[in-house]
Structures are given as C-alpha cells and as structure tokens.
Amino acid sequence: MNEIILILISILIFPGLLFLVVLSFLTQYAVRKLSARYQRRMGPSYVGPLGILQPFYDFWKLLRSKEIVKNKYSLVSAAEISLLIGISSIVASVVLLPLSLYNIVSDFDILIFFYMASVVPLFMMVIASLSMPGPYTSMGVSRLLSLATLSEPTYFASLIIPVYLATRQSGVFMSISSAYRNVLSIWLDPRGAVIMVLCLIAYIVAVQAKSMYQPFNIPEAEQEIIAGYETEFSGPLLALMNLFHDMDLAVSLIIGVYLLFGGPLPYSHTSPQGILMIIIKYLILLVVVTLIKNIMGRYRIEQGLAQILKYGLVPSIMASILTFLF
Amino acid sequence: MRIAKIVDPFTAIYLITVFTIAILAVTIAVYYTLKSKRVRITSVYLGGEPENVVSMITPSVGALYWGFMKRFAKHLYEALVEKIHTGSLHDWQKFISSWLAILIIISIISFVLFTLFAR
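Residues numbered from 1 in each chain as written. Chains lettered and ligands numbered in written order. Predicted model: local features only at pLDDT ≥ 70, side-chain atom pairs only at ≥ 80, totals over all residues. Heavy atoms only, no water.

1. Re the overall build of chain A
Then step 1. Along chain A, the regular secondary structure elements total 11 helices and 2 strands.
Then step 2. The linear arrangement of helices and strands in chain A, starting from the amino end, is α-α-α-β-α-β-α-α-α-α-α-α-α.
Then step 3. Along the first, second and third principal axes, the C-alpha atoms of chain A reach 60 × 50 × 40 Å.
Then step 4. Within chain A, the fraction of its 326 residues that count as buried is 62%. (Helix = DSSP H or I, 4+ residues; strand = E, 2+ residues; numbered from the N terminus. Buried < 20%, exposed > 50% of the residue type's maximum accessible area, 1.4 Å probe, protein only.)

2. Describing helix H2 (residues 17-38) of chain A
Then step 1. End to end, H2 of chain A covers 31 Å across 22 residues, agreeing with the expected 32 Å (1.5 Å per residue, within 8%).
Then step 2. Looking at the residues trailing H2 of chain A, positive phi occurs at arginine 40 of chain A, about 60°. (Expected span 1.5 Å × (residues − 1).)

3. Some words on the confidence of the model for chain B
Residues and elements named next belong to chain B.
Then step 1. Residues of chain B with pLDDT of at least 70 account for 82%, and the chain-wide mean is 82.
Then step 2. The lowest-confidence element of chain B is helix H2 (residues 61-72), averaging 70 in pLDDT; the highest-confidence one is helix H1 (residues 9-34), averaging 94.
Then step 3. Interface confidence for the predicted complex, expressed as ipTM, amounts to 0.92; the pTM equals 0.84. (pLDDT = per-residue confidence, 0-100.)

4. A closer look at the interface of chain B and chain A
Then step 1. Contact residues are listed per partner, giving 46 residues for chain B and 62 residues for chain A.
Then step 2. In total, about 4800 Å² of surface goes out of reach between chain B and chain A, with carbon and sulfur atoms giving 69% of it.
Then step 3. The interface formed by chain B and chain A holds 4 salt bridges in total.
Then step 4. Only strand S1 (3-6), H1, strand S2 (39-41) and H2 of chain B provide two or more residues apiece to the side of chain B that touches chain A.
Then step 5. In terms of residue class, the side of chain B that touches chain A is built from 30 nonpolar, 8 polar and 8 charged.
Then step 6. The pairing of strand S2 (residues 102-105) of chain A with S1 of chain B spans 4 bridges and is parallel. Residue asparagine 103 of chain A lies in a different strand from S1 of chain B, and its bridge partner there is alanine 4 of chain B. (Contact = heavy atoms within 4.5 Å. Buried area = accessible area lost by both parts, 1.4 Å probe. Salt bridge = Lys/Arg side-chain N within 4 Å of Asp/Glu carboxyl O. Nonpolar A, V, L, I, M, F, W, Y, C, P; charged D, E, K, R; others polar. Pairing = 2+ DSSP bridges.)

5. What about the packing of helix H4 (residues 76-93) of chain A against helix H5 (residues 109-131) of chain A?
Working note: a packed helix pair is described by the angle between its axes plus the distance between those axes.
Residues and elements named next belong to chain A.
Then step 1. Their axes nearest at 8 Å, the elements H4 and H5 cross at an angle of 170°. Between H4 and H5, the crossing angle belongs to the class labelled roughly antiparallel. Contacts from Ala78, Ala79, Ser82, Leu83, Ile85, Gly86, Ser89, Ile90, Ala92 and Ser93 of H4 reach H5 at Phe113, Met116, Ala117, Val120, Pro121, Met124, Ile127, Ala128 and Ser131.
Then step 2. For the contact of H4 with H5, a count of residues per class yields 14 nonpolar, 5 polar and no charged. (Axes fitted to C-alpha atoms, helices over the stretch in contact; angles between N-to-C directions. Parallel < 35°, antiparallel > 145°, perpendicular 65-115°, else oblique.)

6. Quick look at the packing of aromatic side chains
All names here are of chain A.
Then step 1. All told, the structure shown has 14 aromatic pairs over all chains when counted by the stated rule.
Then step 2. What links up through ring pairs into an aromatic cluster is the set Phe108, Tyr164, Phe173 and Phe324.
Then step 3. We note lysine 210 situated over the ring of tyrosine 155; from NZ or CZ to the ring centre the distance is 4.6 Å.
Then step 4. The ring of tyrosine 213 is capped by lysine 293, whose NZ or CZ atom sits 5.4 Å from the centre of that ring. (Phe/Tyr/Trp six-rings, centres within 6.5 Å; stacked < 30°, edge-to-face > 60°. Lys NZ or Arg CZ within 6 Å of the ring centre and 35° of its normal.)

7. Topic: the side chain of asparagine 71 of chain A
Then step 1. Among the secondary structure elements, asparagine 71 of chain A is positioned in the loop between strand S1 (68-70) and H4.
Then step 2. Overall, asparagine 71 of chain A belongs to the buried group, its relative accessible area being 4%.
Then step 3. Sequence-distant contacts of asparagine 71 of chain A, defined by excluding residues within four places in its chain, comprise Pro133 and Glu232 of chain A together with Thr42, Ser43 and Val44 of chain B.

The following block contains the structure:
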C-alpha cells in the first residue's frame, strides 16, 4: 500500500507532473528574464514578485480564455492527444532519475530514459504539428526532422558515454542511478576528464538544437516561416505546446546535471547542500543555454546541420573512440 | 521515505509504460476539464494569400529526401552524380568493379590471416 502511494506521489507530485510543470514555468521565466536582460529589456515584471508568475499566467490565459483557431484540415483532438502523450512520456521518464522518490533502476535504463524523454516526445511533437496542417507547419516539421537526424544521435552519445564509463566496473550496468555516483571520479581522472569535456560540448550543442533555441531555431524561424511547426497552434493547444517544450528542456537539463555533473555530489540527495548543488548545476546549464541563445543568430538549415555535425557529433564520436581506447 | 527498485529491463519498460498511461489519464482529465471551449474556424493561414497558392498541404517524402541530399549532403550527392551515376555504363562498371576488387582483397586477407593465426 505504501509503495502504491509512493508511486502515485512520484508520478503525480514530486518529481512527477506537478513538480515538472512548476519547474518548466520557472525555467521559462529564467530564460525570458535572462534574455531580456541581455537585450536591455525588463522581461516579465508585473505578475507576482519580479514577474515570476508570468509563465503561469500566460499558460492559464491561453488554456482558459483564448480560442482554438482551426481550419477545415485541422485535427485538433489528434494534436491535443499527441501533445498529452508526449508530456506523459516525459513525466514518466523521471522515475528513472535518482531524484525520484520511487526510483526504478535496471540494466540499460538509460536507453528507456532516452526513448521516453527524447524519441517519443519528438515524434509526438511532429504528429501534433502535422495534425494542424499548413504550408509553414510542413516546412517547420521538415526542418525539425532534419535537425533531429543529427541532434538526437549527438544527445544520445553525449549521455551514454558517461553512463558507460561510470558503470562498466561497478553498479548496475548502463543505469542512470548507478552512473551518477561515479561521475566525479571520471572527472578527476585526466583521461576521463577529456572524454567528459567532449561529451559536455556535444551535450550543450544537442540541447540547444533539441530545444530549438538560437542558432538552431530553424524549425520555428520567426519572421521567415511565421512560427514554423507551431504556426497553426492557438489557445489551449498553444498552452500545451509551450508547456511540452519547456518540460522537454527542463528534463534534458536535469539529466545533464546528473550524468555530466554528478547531481548532488559530493553531497547526498537528502542534505540541504545536495539540493543546493543540484539547483546550482541546473542553473549553470540553463545560463549557458540562454547565453548561447542570446549571442547567436539563426543558421540556415544546412548551416545548422553542418554545425551540429562539427561541434556536436564529431566531439561525441571522438569521445566514443577515446572511451574504447582507454 | 525513498524506494530504489532494482528490476530487469523488461519489468522497467512495463512499469514505465503503466506510469505513462496513468499520467496520460490524469493529464487528459485535467486538460479537458480546464480548457477553453471556444473555437473559431478560419481558412488555412497563408500570410494573406489565397488557398490555391499551395497545391500540397504537406511536403512529399521525396521532397524531404532531396532537400536533405542536395543541400546538406551536397558533397555526397555530387560524388554520386559525377562519379557513379554519370550516365555512362563504363563509369558505372568501373565503380562497381573497383568496390568488388576491394571486397575480394579484404576477403583474401581475412582468409590468409584466419588460416595463419586462428586457434
């Protein structure tokens, strides 16, 4: 009975649905506020202290007050269900993280995480966009899929290498919960540090491309193809899409915190220092992503692919080769 | 209180799938309870152009493939066109026979190494 209650708390409250929704809104707030400061604007300021409740308010307004605009080709329910499946898949994947109160640990659980938190959401986003068709949507989706051909393998390689290094000698093989405990010892080994730096570079490039932030904001390419893959979204559907995007970013950053920086290490999860350490590492990654977003312009699609290949896939392939050599 | 449940990969997949379905049920219930019911029907948004400017609503698979091949994998495409599919049967025969020669050499080397060093 206690186990079922713990499962329900884990998937619905912490670190499940409720926590991820709040974290997504706070992440969106941080990105908007930091971006505004880079551009000498105020950013969100009026709703709540320092405007912190602005993303909540925007979501609520889109969900409750705004109308869904559709045309004769729109499949609104298919788009809604696809996005909800994507969100559910991301939320369910967090039980594989050591953060979870009910933590599932198994051999190769990194592969399950990758499938649930990256592959399924991507395809659900594509299905949702194509359910609300339009020429700009199609163009955005084709660009999204082109980017994914390189960004997804890069993201996968940048995460799987630290897990392999950390679990090849001890613990549950290729498991996130076993891997994060050994991450700091990999950084302390000079050969391991080189591999981790390469993985970190590849990871940052992949997250930038996955979250479609500059210079990889090609699928939504504002002013060029209207809003790309989300042109036809409005009202509650747009609210869902925004939440989905922010949740994807938040979970991508959390896994980076664990597998590249060791999560709460050198402290434990239950100590205040450990919690503070996770927050600091999360904020560092978020600031780096936001910084790149604000200092770079948009690439064309073939430039974007070439840059992911050069600065994402090549470092991850080099890290893979070094891993097997050492 | 915290539980770390060590299971085999198949059980992990099963549990995660069940959790996904449970979360989906909750999110569907919450979303459809809260969402605005207002709907407005319009024509397809084409930046002010009439609907007949587009003949296809979605791009064809062929267009996506050629977009990728011709723009991103340009060098590969050029190599394919200029060295292999030049339209000359002689070029094609040269290309295929050179690859076959490499395969034959690799197989001979493998055979010799295997014969000499295999235990």
